[in-house]
Amino acid sequence: MKRFLTFIVLIMISVYAFATVNVTVWFSWEGQKEFESLVNDFNASQSLYHVNFVYIPNMTQKIEISLSAGTQLPDVALVRNDVIGMLANAHVITPISTVETLPAFSQSFELNGRLYAYPYYADLQVIYINKNIYDKTIPYDWTLKKFEEVATYIKDKGYIGISMNSFSSYFFNSFYAAFNGGKIPLKDGIPIVNNVGTKRAFEFYNDIFNVKKIAVSYDKSALIQSFKSGRAGMLMQGSFLIPDFLSSKLNFVILPYPNLDDGTPIPPTFDAKGFVVFKDNEAVKAFINYITQTSNEVQFCKSTYKLPANLGAINELANSNDFFKVMDLSASKALILPTTTIFNEAYSNAITTALQLYLTGQISLDSSLKKAQEYIDSEVK
Amino acid sequence: MTFFWLLISISLLIFSIFVARAKPFYTLALAILLFLVNFFPFVWGIGISFFDFFPPEMKFVGIKNLQTAFSDSGLFLSAKITALWAMTSMVIELSISYLLAISIYSIKRFSTLLYTIILIPWAIPSYISVISWTSLIEGYGGDSFLSEIFHTSFNLSTNIPAAFLWSAFVAAWLGIPMATLVILSSFQTISQNLRDLVRMEGANPLEVTLNVYIPQTLPVIFPYIFITFLESFKEFSTIFLMTAGGPALVSGFGIKSIVGATTTLGMLMYDKFSLTQNYGVLGAYSAAIGLIMLLLAFIGWNYRFSRQKRNLLVVLILSHIMFDLWSMGAGLFGILPTVLYLLALIMYSKRKRSFKRFVMFGALLDFGYLFFGIYERGFTGISISSIISIILSMTLIFEGRIYVSKFDFPKLLWRTLKIILIALWIAVVFLPVWNIFVMGFSRENVLPISSLIPQGFTLSNFISLFKDYNFGQAILNSIIISVIAIFIAILTIFPATYAAIHDKHALRLGMIVLISSLFTGMHTLIPLAITFRFLGLLNNYFGVAIILSVHAFVISYFLLYPFLLELPKNIEEAAIMDGANGFTRMLKIIFPLSLPALWTIIVFVFIESWSSFVIPLIFLNNQNLYPVSMTMYNLVGQYGLTYSKWNIFGAGAIVNVIIMVILFLIARKSIINGIISRNGVDD
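Parameters and conventions
Residues numbered from 1 in each chain as written. Chains lettered and ligands numbered in written order. Predicted model: local features only at pLDDT ≥ 70, side-chain atom pairs only at ≥ 80, totals over all residues. Heavy atoms only, no water. Helix = DSSP H or I, 4+ residues; strand = E, 2+ residues; numbered from the N terminus. Buried < 20%, exposed > 50% of the residue type's maximum accessible area, 1.4 Å probe, protein only. Areas by Shrake-Rupley, 256 points an atom, 1.4 Å probe, with all protein chains shown as cover. Lys, Arg positive; Asp, Glu negative; His and termini not counted. Charge placed at Lys NZ, Arg CZ, Asp CG, Glu CD. Expected span 1.5 Å × (residues − 1). Polar contact = N/O pair within 3.5 Å; in protein donor to acceptor, adjacent residues only side chain to side chain. Pairing = 2+ DSSP bridges. Phe/Tyr/Trp six-rings, centres within 6.5 Å; stacked < 30°, edge-to-face > 60°. Lys NZ or Arg CZ within 6 Å of the ring centre and 35° of its normal. Contact = heavy atoms within 4.5 Å. Buried area = accessible area lost by both parts, 1.4 Å probe. Salt bridge = Lys/Arg side-chain N within 4 Å of Asp/Glu carboxyl O. pLDDT = per-residue confidence, 0-100. 1 Å grid on protein atoms, 1.4 Å probe; cavity = no way out; pocket = protein on both sides within 12 Å on 5 of 7 lines; lining within 4 Å. Points joined across faces, edges and corners; volume = space filled by probe spheres on them. Nonpolar A, V, L, I, M, F, W, Y, C, P; charged D, E, K, R; others polar. Axes fitted to C-alpha atoms, helices over the stretch in contact; angles between N-to-C directions. Parallel < 35°, antiparallel > 145°, perpendicular 65-115°, else oblique. Left-handed = near helix turned anticlockwise from the far one by under 90°. Core = buried A, V, L, I, M, F, W, Y, C linked by side-chain atoms within 4.5 Å.

Quick notes on the overall build of chain B
Of regular secondary structure, chain B possesses 31 helices and four strands. Judged by the C-alpha coordinates and their principal axes, chain B covers about 75 × 70 × 65 Å. A total of 683 residues make up chain B; the buried ones form 61% of that total. Total accessible area on chain B is roughly 27,300 Å²; 68% of this is exposed by carbon and sulfur atoms. Averaging the coordinates of the 40 positive side-chain charges in chain B and doing the same for the 28 negative ones gives two points 7 Å apart.

If you want it as structure tokens, here you go:
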């Protein structure tokens, strides 16, 4: 009997010791195949942990719904930095220790001085130029005046000067910051929109979309299609499209965002993605350590054209070609968006609505910004 | 948690005592599920609205949240938009359905084929047809196949009339199969003598329509018209998939909510759900929207007594007062029509036919107010009380008038018009279907804008669909969910309906099933998600299947009840004499005899479960559990916000449509019979 019991205990200890710990990872955005391949490599490289890869098409929406409904969250998820505030407020993620990376990455995932995610990569907003329509060389430190000149030239040739989404708060943020002295104007953490700088940014939009008509507004799919089909000479979009355009054999170059005429840079949004940990354990740590290794980051970012968070990977990729060069340059002047709920929800909804109403001529500039500010302020209460 | 369990236990006990007292052995299972899915969320929503509730933290705040919701101008505007949108969609649906029904009623050749074609929009899940329509309407930023035909841009993000009218049209397109069959079945109520008389008089089709079809059938289908309005009022999927709330409105840029041109109440509730983590606020909005729905359900319920017009007049007056007082009606102006309706009620009580005049004048005032309100103030000028009054007034005052056509068109012209109409509708039915075929076989991931011919024919999308997007697993998940839903529906509905046949008190449950179908919507689904969280039913097949089966209760019950009622009584009497108890009789005698009706129910539940989009959207969170609907939606994403994989979506849609068409062809007869008897018009 004793032998039997000892045997059972040994079996149980062995099972406990050698049982595979499962880790569920939610992944989104581009690079599904590349990341899945890394996950498979990780699973094959050891037997203690097994990572279940789940692709989530719309991560932000999924997380919002999961929090509202209280549905099960994974162990780890790749998120954009704008959901950090929401997740931290819901107390579903915990701060992590510091990570060696570019300051922009750390700042992206910081809230109240604490880091809430393992930075993985970043996309940068850039300007795509169709070389078949405009083949002159433009210096990287170009100005808004030059930008308008190029757009006008393209428009005069019968194409769309610049294709961009006029109602997207996400793209507006760069102009919002630029016209407000280079940073998002906040007062006690609350975005201020009813001010001179924001009015100038709105007027600039009105000028290029409605007065000069050198810009045409589209939704995301239409934006991309307008450029791919050769109807638009310039496109304002994220660097994530580079692989798609390359595979479609488009003749294009990318440029950093221009500067205002007074030299203030229009900062592209630093669209950082990082891993938040919902259940902290050894398995999760082992997996995060594996995928953020220099060689693995290079493997992922090289084919997907992402700016890696790992310093070694940045050094390896930064000067490998012009695309990474522009991304690196853009990162140096990039805009880190606040991660607070008030910015990502109240401000975002308010500014989208205000832009739509103002640019379609339904409301005056002053009224649109006044209403937007009232909405933001009421959400704070 | 204590609060949750206390509330659910007490309310469930009260509900069960009320509805499942008679023959509880047979009815309790149905009652519990019905309560859990349809009623408790409303109770729970009200309960938690008194707290600021960030689970597990609860802080009592009194009526603060309720005050926020009940006084939100965004809620008022959203309700007004919902009412106008629902009426628009209903008018489109019924107008086209009437025209189609009249056109194909007299056609004998190819009638089966025509009926099948008419039913196609019903058989295609909305997550396919709506997305396909959207791509045809909006294309890329308004540049689309249809915009080329109409020579105007249809940007659904900025063009208010386009977003409003196209979404109403697509919702109507989805409902036309059902409405056409209901109208066709109502034609059966026209006496043969009358038809013969009209034929002998040599009336032309216009005269037949205006003197026979419409006057003879409209009163019969008035309840269906209101149900259509109510269903449109609750519509969510079409708007969510097409416009996601629609273009911004100045009047919708409020302090508490932002409401767009198509932000119906379902969308508003979903937006709150996405943005608010405070369950107390969600509960308060759920309570406010629930109250509006309760009022409408109450009106719908009173259509049972449409022959006794007193009930309808009373609900008309009550709803007018309530919406006028609650900033969603005509305000002070509402006193005028209300007084007229009150006078009509007095006249009706004295059995004076002149009551119709008062109703008519009241309706004219309401129509005038609505028309000038919208003309002057846009969406804020909408009056829900006026819209409801206009619909109810039609029921109250409608009388057929003798119409003699001044024009004598040749028969050939009528026949040509009929053929053109049917051909046009066939084109409208097949357009979105053809569109997905074009996308599915296109090599390039682009929308067909100028021509409906695949751009570079390929089959690789289908390979990619199964290899890269795990579509096989999605099909398996859909089958699992549908099968569980079928089992739950049969196991609960069959005993309860059997009990209703044998005990009149058990019939009460049937009535509750009907009421709950009128009342539920997004405002009950959101608190239900919170409820399921506490019950551990989120994110699994079983939870989703429970909801789908409960949603299928109403159709199942009203298919099965008349069938069981007509079974010969002597078979069961013989079994009683042989000493068989009730359960044995139900299982061994009635169940086998009911198989034809149960087969129809199985088909219905399967199709409804397979086509379900909203429930998996809210209740599933794991890609491995995603049914076909969610996998398909994820390929396209929210329109305009994501970089859609149109060609893969097309391939998935083709596979889906093939599955549905095979099923549909197998069960076509059951479906047509089911739809007709569901609406009870032919009974």
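So much for the structure itself; the text now carries on.
Thoughts on helix α13 (residues 279-302) of chain B
Residues and elements named next belong to chain B. Compared with the 34 Å implied by 1.5 Å per residue over 24 residues, the 34 Å span of α13 between its first and last C-alpha is a close match. Of all the 24 residues making up α13, 21 are buried; the element is thus mostly covered by neighbouring parts of the structure. By the N-cap criterion, in which a side-chain oxygen at the helix start approaches the backbone nitrogen of a residue two or three places on, α13 is capped by Asn278, the distance to Gly280 being 2.9 Å.

Points about unusual backbone geometry
One non-glycine residue, Lys249(A), lies in the positive phi region at around 60 degrees. Mapped onto the elements of the fold, Lys249(A) is located in the loop between α10 (242-247) and β12 (252-255). Although it is not a glycine, Asn470(B) adopts a positive phi angle of roughly 55 degrees. You can see Asn470(B) is positioned in the loop between α19 (460-468) and α20 (471-502).

Observations regarding the pairing of strand β11 (residues 232-238) of chain A
All names here are of chain A. Of all the seven residues making up β11, seven are buried; the element is thus mostly covered by neighbouring parts of the structure. In this sheet, β11 lies alongside strand β6 (residues 118-130) in antiparallel orientation, the contact comprising five bridges. Counted as the bridge partner of Ile129 is Met234 from β11. Note that strand β7 (residues 160-164) and β11 share three bridges and pair parallel. Bridge assignment links Ser163 to a residue of β11, and that residue is Leu235.

So, the packing of aromatic side chains
All names here are of chain A. Overall, the coordinates contain 91 aromatic pairs over all chains when judged by the stated rule. Ring centres of Phe105 and Phe270 lie 4.9 Å apart, and the angle between their planes is 75 degrees; on these two criteria the pair is classed as edge-to-face. Highlighted residues: Phe105 in helix α5 (residues 103-108) and Phe270 in strand β13 (residues 270-277), separated in sequence by 165 residues. An angle of 20 degrees between the planes, with centres 5.9 Å apart, marks the rings of Phe172 and Tyr176 as stacked. Pair noted here: Phe172 and Tyr176 are both in helix α7 (residues 169-178), with a separation of four residues, about one helical turn. Each member of the pair, Phe172 together with Tyr176, is buried. Each member of the aromatic cluster is reached from another via a ring pair, and the members are Phe172, Phe175, Tyr176, Phe179, Phe202, Phe204, Tyr205, Phe209, Tyr257, Phe343, Tyr347 and Tyr358. Sitting above the plane of the Tyr153 ring, Lys136 keeps its charged end 4.5 Å from the centroid. Sitting over the ring of Trp29, Lys273 keeps its end group 4.8 Å from the ring centre.

Let's talk about the interface of chain A and chain B
The interface of chain A with chain B comprises 46 residues on the first partner and 49 residues on the second. Between chain A and chain B, the buried area comes to about 4,100 Å², and carbon and sulfur atoms account for 54% of it. A salt bridge links Asp143(B) to Arg231(A); its shortest N-O distance comes to 3.9 Å. Taken together, chain A and chain B are joined by four residue pairs in polar contact (both at pLDDT 80 or more). Breaking the side of chain A that touches chain B down by element, the ones donating at least two residues are α2 (32-45), β2 (49-55), α3 (59-69), α9 (220-228), α15 (341-359) and α16 (365-380) of chain A.

Structural notes on the confidence of the model for chain B
Residues and elements named next belong to chain B. Looking at chain B, the pLDDT average stands at 85 and 94% of residues meet or exceed 70. Counting interchain partners and residues more than four positions distant, the pLDDT-below-50 stretch residues 678-683 has 13 contacts. For this predicted complex, the interface confidence comes out at an ipTM of 0.79, alongside a pTM of 0.85.

Here's the deal with the pattern of salt bridges
Residue and element names in this part refer to chain A. Taken as a whole, this structure holds 15 salt bridges over all chains when the rule is applied. When the shortest N-O distance is used, the salt bridge between Asp207 and Lys212 registers 2.9 Å. Look at the salt bridges and you will find they share partners, linking Glu30, Asp123, Asp271, Lys273 and Lys306 into a network.

Structural notes on empty space enclosed by the protein
All names here are of chain B. Taken as a whole, this structure holds six cavities of 30 Å³ or more when the rule is applied. In this structure, the largest cavity occupies an estimated 70 Å³ of space. Contributing to the lining of the largest cavity are Phe233, Lys234, Leu265, Gly266, Ile289, Met293, Thr520, Gly521, Met522 and His523. Looking at the lining of the largest cavity, the elements that each hand over two or more residues are α10 (205-234), α12 (265-275), α13 and α22 (522-535). Looking at the lining of the largest cavity residue by residue, the classes come out as five nonpolar, four polar and one charged.

Focus on the packing of helix α4 (residues 73-105) of chain B against helix α8 (residues 160-187) of chain B
All names here are of chain B. One can describe the packing of α4 onto α8 by two numbers: an axis separation of 6 Å at closest approach and a directional angle of 45 degrees. Classified by the angle their axes make, α4 and α8 are oblique. In this structure, α4 crosses over α8, and the sense of that crossing is right-handed. Tallied by class, residues from the contact of α4 with α8 come to 23 nonpolar, six polar and one charged.

So, the nonpolar core
Among the nonpolar cores identified, the biggest contains 331 residues, and Phe35(A), Phe229(B) and Phe619(B) are the most heavily contacted of them. Each residue touching Phe229(B), except ones within four places of it in the same chain, is listed here: Ala83(B), Ala86(B), Met87(B), Met90(B), Leu296(B), Ile387(B), Ile388(B) and Ile391(B). Counting residues in hydrophobic clusters, the runner-up holds 60 residues, among them Ala177(A), Ala215(A), Ile342(A) and Ile376(A).

As for the environment of Ala177(A)
All names here are of chain A. Examined against the element boundaries, Ala177 turns out to sit in helix α7. Considering only alpha carbons, one finds Ala177 and Pro95, 82 residues apart in sequence, at a separation of 28 Å. Beyond its immediate chain neighbours, meaning those up to four positions away, Ala177 contacts Gly182, Lys183, Ile184, Pro267 and Leu335.

Comments concerning the packing of α20(B) against helix α23 (residues 541-551) of chain B
Residue and element names in this part refer to chain B. Taken N-terminus to C-terminus, the directions of α20 and α23 make an angle of 55 degrees; their axes are 8 Å apart at the nearest point. As the angle between them shows, α20 and α23 are arranged oblique. For the pair α20 and α23, the crossing hand works out as right-handed. In contact with Gln473, Asn477, Ile480, Ile481, Ile484, Ala485, Ile488 and Ala489 of α20, α23 contributes Tyr541, Phe542, Val544, Ala545, Ile546, Leu548 and Ser549.

Remarks on the side chain of Asn656(B)
All names here are of chain B. Structurally, the position occupied by Asn656 is in helix α30 (residues 646-666). At a separation of 2.9 Å, a polar atom in the side chain of Asn656 contacts the side chain of Tyr127. Setting aside its immediate chain neighbours within four residues, Asn656 contacts Pro125, Tyr127, Ile128, Trp610, Val628 and Met632.

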